[in-house]
Amino acid sequence: MKIAIIGGGIVGSTAAYYLAKEKDMTVVLFDDGNGQATKAAAGIISPWFSKRRNKAWYKMARLGADFYQKLLKDLENDGFENDFYQQSGVFLFKKKEEKLEELFELAKTRKQEAPLIGEIALKSYESLKDNYPNLSGFERTLFASGAARVDGDKLVKRLQSISQLTLIRKKVGLKKTDNHQYLIDGMVFDKVILASGAWLPSILEPLGYQVDVRPQKGQLKDYYFSKNVFNHYPVLMPEGEADIIPFSDDKVSVGASHENEMGYDLSEDKSILDAIEKEALPYFTALEQADAIHTRVGTRAYTSDYSPFFGQVPMLPNVYAASGLGSSGLTTGPLIAYQLVQLVLDNPLALKATDYPIANYIQKQKADDTMHKK
Ligand SMILES: Cc1cc2nc3c(=O)[nH]c(=O)nc-3n(C[C@H](O)[C@H](O)[C@H](O)COP(=O)(O)OP(=O)(O)OC[C@H]3O[C@@H](n4cnc5c(N)ncnc54)[C@H](O)[C@@H]3O)c2cc1C
């Protein structure tokens, strides 16, 4: 069977990795890479404190965090290094003490079905200041040991390095052939996965589809230090947009912005980044001593009700898609990709596809509508 995957972010790369391991399968991954959300992501895997009411989303996020344990094991068994993932823990900060208590109670309840959350405890500044001398600006924080940080770019490169996979770095389109196959970049495929993030509309609209996916710009800064002294710090999550992620390779990432009206713009906006830095500094003053600073900008994909979706594209047999992963796609992406792989292989799913119905977001336009538009 010949399978094409369009999009090499976390979804496309995870799907490519698992499919390429299957017997008698030729897998080709097409990736343009420009604006990719995965390589711009902050990398926080800590879904358990979300107050979103969407139960289907929370289930996906919780199981998505769990799924990393399988992915890590599978990569390790295949001889890959897992240096893209560290279970660093998280410190959550709230300006109001009662909000911290509320979150603590929520975490205790959620731990029952999410043991990965690990140790949860309220910790005082006094008890932490010797171990984490660069922290400040709070009296108490909520700690959870199971939270993780993921380097999206490293992870994707690792997944793509599986030898059975062909990677083609270019922007491509999708066409139907007369005998129920698909034509991409001059090659014919039996099945196709569209893992094209915020760019899904540009692939499906030429085939007469309306797609409820819009782009959201996200910017963050990476602060580099000559000595790796923050390796043991958990992820820091104050209120607002200034999450602080101390990576293990001399880098501390801070962000990210959520900009809705910017389309696919990838330019750096200094005023927005400065505002985020200002929010972060009271908690982590060491940022001022960074030796170098780089900016990353990426494009998230959102649906109009903020829910992710996956499944078979309506009226397009053997074409599957996922998008709308929003600001939690590094958490949910590998699990969603694994569901797409099961659909391709005709296996049962861990998630109920009807909880994330693709038909709500991708609709074939009636011939009349298309004519009207022309
Ligand atoms: C600044 C920022 C911070 C974030 N922080 C977090 C976080 O801390 N935790 C978390 O869980 N999530 C986070 N996210 C969200 C997460 O990164 C995304 O939801 C997730 O990476 C989306 O993955 P994806 O594979 O669907 O899309 P993408 O990673 O965007 O990949 C899609 C790929 O498809 C390619 N493509 C599209 N069309 C074509 C075409 N026609 N031909 C070839 N290639 C094509 C694109 O170039 C791109 O490489 C963050 C996102 C951003 C932008």
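Residues numbered from 1 in each chain as written. Predicted model: local features only at pLDDT ≥ 70, side-chain atom pairs only at ≥ 80, totals over all residues. Heavy atoms only, no water.

Stated formally: UniProt positions are given in the numbering used here, feature names are shortened, and annotations may be inferred rather than shown by experiment.
In the nomenclature of an unreviewed UniProt entry, the protein chain corresponds to FAD-binding oxidoreductase from the organism Streptococcus pacificus. Under the heading Cofactor (unreviewed entry), UniProt records this for the protein chain: "FAD".

1. As for the sheet that holds strand β2 (residues 26-30)
Basically, it comes down to this: We call two strands paired when DSSP finds no fewer than two bridges between them. In this description a helix means any DSSP run of H or I spanning at least four residues, a strand means any run of E spanning at least two, and both kinds are numbered starting from the N terminus. Axes here mean lines fitted to C-alpha atoms, for a helix over just the part in contact, with angles spanning 0 to 180 degrees between N-to-C directions. We call two residues contacting when some pair of their heavy atoms lies within 4.5 Å.
Taken in spatial order, the six strands make up an open sheet running β9-β2-β1-β13-β21-β20, and their pairing is mixed. The open sheet is flanked by β9 (165-168) and β20 (309-312), the only strands paired with a single partner. Neighbour-to-neighbour, the strand axes of the sheet open up by a mean angle of 15°, direction not taken into account. On the sheet, helix α9 (residues 329-345) packs against β1 (2-6), β13 (191-194), β20 and β21 (319-323) and is oriented at approximately 10° with respect to β20.

2. Focus: the site of the ligand
What counts here: Working definition: residue near molecule or strand if any one of its non-hydrogen atoms lies within 4 Å of it. Whenever two N or O atoms come within 3.5 Å, that pair is a polar contact, provided that in protein one can donate a hydrogen and the other can accept it, and provided that, for residues adjacent in sequence, both atoms are side-chain atoms. With residues, only the protein chains shown are counted as cover, and all accessible areas are computed by Shrake-Rupley using a 1.4 Å probe. In this classification, Asp, Glu, Lys and Arg are treated as charged, Ala, Val, Leu, Ile, Met, Phe, Trp, Tyr, Cys and Pro as nonpolar, and every other residue, Gly included, as polar.
Around the ligand sit 38 residues in total, of which D31, G33, T38, V172 and T331 are the nearest. Here an oxygen atom of the ligand and a side-chain polar atom of D31 are 2.6 Å apart. Interatomic distance of 2.8 Å between a backbone N/O atom of G326 and an oxygen atom of the ligand. Alone, the ligand offers 1,000 Å² of accessible surface; in the complex the protein occludes 97% of this. Of all the secondary-structure elements, those providing two or more residues to the shell around the ligand are α1 (10-20), α2 (37-40), β19 (292-302) and α9. Each residue belonging to the shell around the ligand can be placed in one class, and the counts come to 16 nonpolar, 17 polar and five charged.

3. Points about the sheet that holds strand β4 (residues 85-86)
Here we have three strands laid out as an open sheet, ordered β3-β8-β4, and antiparallel in their pairing. Sheet topology places β3 (44-45) and β4 at the edges, where each strand pairs with a single neighbour. Note that β4 and strand β8 (residues 148-150) share two bridges and pair antiparallel. Paired with Y85 across the strands is V150, a residue of β8.

4. Some remarks on α9
This is how it is decided: What a helix should span is 1.5 Å times the count of its residues minus one. Burial classification: accessible surface area is computed with a 1.4 Å probe over protein chains only, and a residue below 20% of its type maximum counts as buried, one above 50% as exposed, and the rest as partly exposed.
Spanning 17 residues, α9 covers 23 Å between terminal C-alpha atoms, matching the ideal 24 Å at 1.5 Å per step. Within α9, 14 of the 17 residues are buried, which leaves it mostly tucked inside the rest of the structure.

5. Some thoughts on the packing of helix α3 (residues 55-77) against helix α6 (residues 152-160)
Note the following rule: Roughly parallel here means an angle under 35 degrees, roughly antiparallel means over 145, roughly perpendicular means 65 to 115, and every remaining angle is called oblique. A crossing counts as left-handed when the near helix is turned anticlockwise from the far one by less than a right angle, and as right-handed when that turn is clockwise.
With their axes 12 Å apart at the nearest point, α3 and α6 run at an angle of 45° to one another. Considered as vectors, α3 and α6 are oriented oblique to each other. The two elements α3 and α6 cross, and the hand of that crossing is left-handed. Contact residues: α3 offers Y68, L71 and L75, while α6 offers L155, R158 and L159. Of the residues that constitute the contact of α3 with α6, the class distribution is five nonpolar, no polar and one charged.

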